[in-house]
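# Topology and contacts: notes
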Amino acid sequence: MIESKKATGNTHRTRGEHCLNVFVSYELKQKLKALAKKYDRTNSDMVRAVLRIGIPMMEGLSEAEEIMVREYINLFRKLRQVKSLKEI
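Our next topic: the packing of helix 2 (residues 26-38) against helix 3 (residues 43-87). Where helix 2 meets helix 3, the closest approach of the two axes is 9 Å, and the angle between their N-to-C directions is 110°. Here helix 3 runs roughly perpendicular to helix 2, going by the angle between their axes. Only N43, M46, V47 and V50 of helix 3 make contact with helix 2, whose side of the interface consists of L32, K33, L35 and A36. Along the lines of polarity and charge, the residues of the contact of helix 2 with helix 3 split into six nonpolar, one polar and one charged.

As a further point, take a negative patch on the surface. Judged by side-chain charge, E59, E63, E65 and E66 come together as a negatively charged surface patch. Its location among the elements puts E65 in helix 3.

Attention now goes to the confidence of the model for the chain. With 85% of its residues at a pLDDT of 70 or more, the chain has an overall mean of 86. Confidence drops under pLDDT 50 across residues 1-5; counting only partners more than four residues distant or on other chains, this segment forms one contact.

The next thing to look at is the pattern of salt bridges. On inspection of all chains with the given rule, the structure shows one salt bridge. Between D45 and R48 there is a salt bridge, with its nearest N and O atoms 3.0 Å apart. Pair noted here: D45 and R48 are both in helix 3, with a separation of three residues, about one helical turn. Look at R48 and you get partly exposed, because its relative accessible area is 43%.

Time to look at a nonpolar patch on the surface. A surface patch of nonpolar side chains, about 620 Å² in accessible area, is lined by L20, V22, V24, L28, V47, L51 and I55. Element by element, the count of residues in the nonpolar patch is highest for helix 3, at three residues. Its location among the elements puts I55 in helix 3.

What counts and what doesn't
- Residues numbered from 1 in each chain as written.
- Predicted model: local features only at pLDDT ≥ 70, side-chain atom pairs only at ≥ 80, totals over all residues.
- Heavy atoms only, no water.
- Axes fitted to C-alpha atoms, helices over the stretch in contact; angles between N-to-C directions.
- Helix = DSSP H or I, 4+ residues; strand = E, 2+ residues; numbered from the N terminus.
- Parallel < 35°, antiparallel > 145°, perpendicular 65-115°, else oblique.
- Contact = heavy atoms within 4.5 Å.
- Nonpolar A, V, L, I, M, F, W, Y, C, P; charged D, E, K, R; others polar.
- Patch = residues over 30% accessible without salt bridge, like charges linked within 9 Å, V, L, I, M, F, W, Y side chains within 5 Å.
- Areas by Shrake-Rupley, 256 points an atom, 1.4 Å probe, with all protein chains shown as cover.
- Salt bridge = Lys/Arg side-chain N within 4 Å of Asp/Glu carboxyl O.
- Lys, Arg positive; Asp, Glu negative; His and termini not counted.
- Charge placed at Lys NZ, Arg CZ, Asp CG, Glu CD.
- pLDDT = per-residue confidence, 0-100.
- Buried < 20%, exposed > 50% of the residue type's maximum accessible area, 1.4 Å probe, protein only.

Pasting the structure below:
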């Protein structure tokens, strides 16, 4: 049994490896607590739900930001080329 775990790469996880401590503002904590109370859920459930929803949104925003910066740089380069052609 131990040999098969080593062969597949599965190792025993250390205790607490899946935990995450995050410091947030008092206002954000109060909002999370209010939502948890309103929908009869635990604070942990609310934080997990917000993370599950927020991570894909953050990925989308980051991707859009990268595209926007890339397009802005390309536009800036084109404008610089046009300006240099006008000077000739």
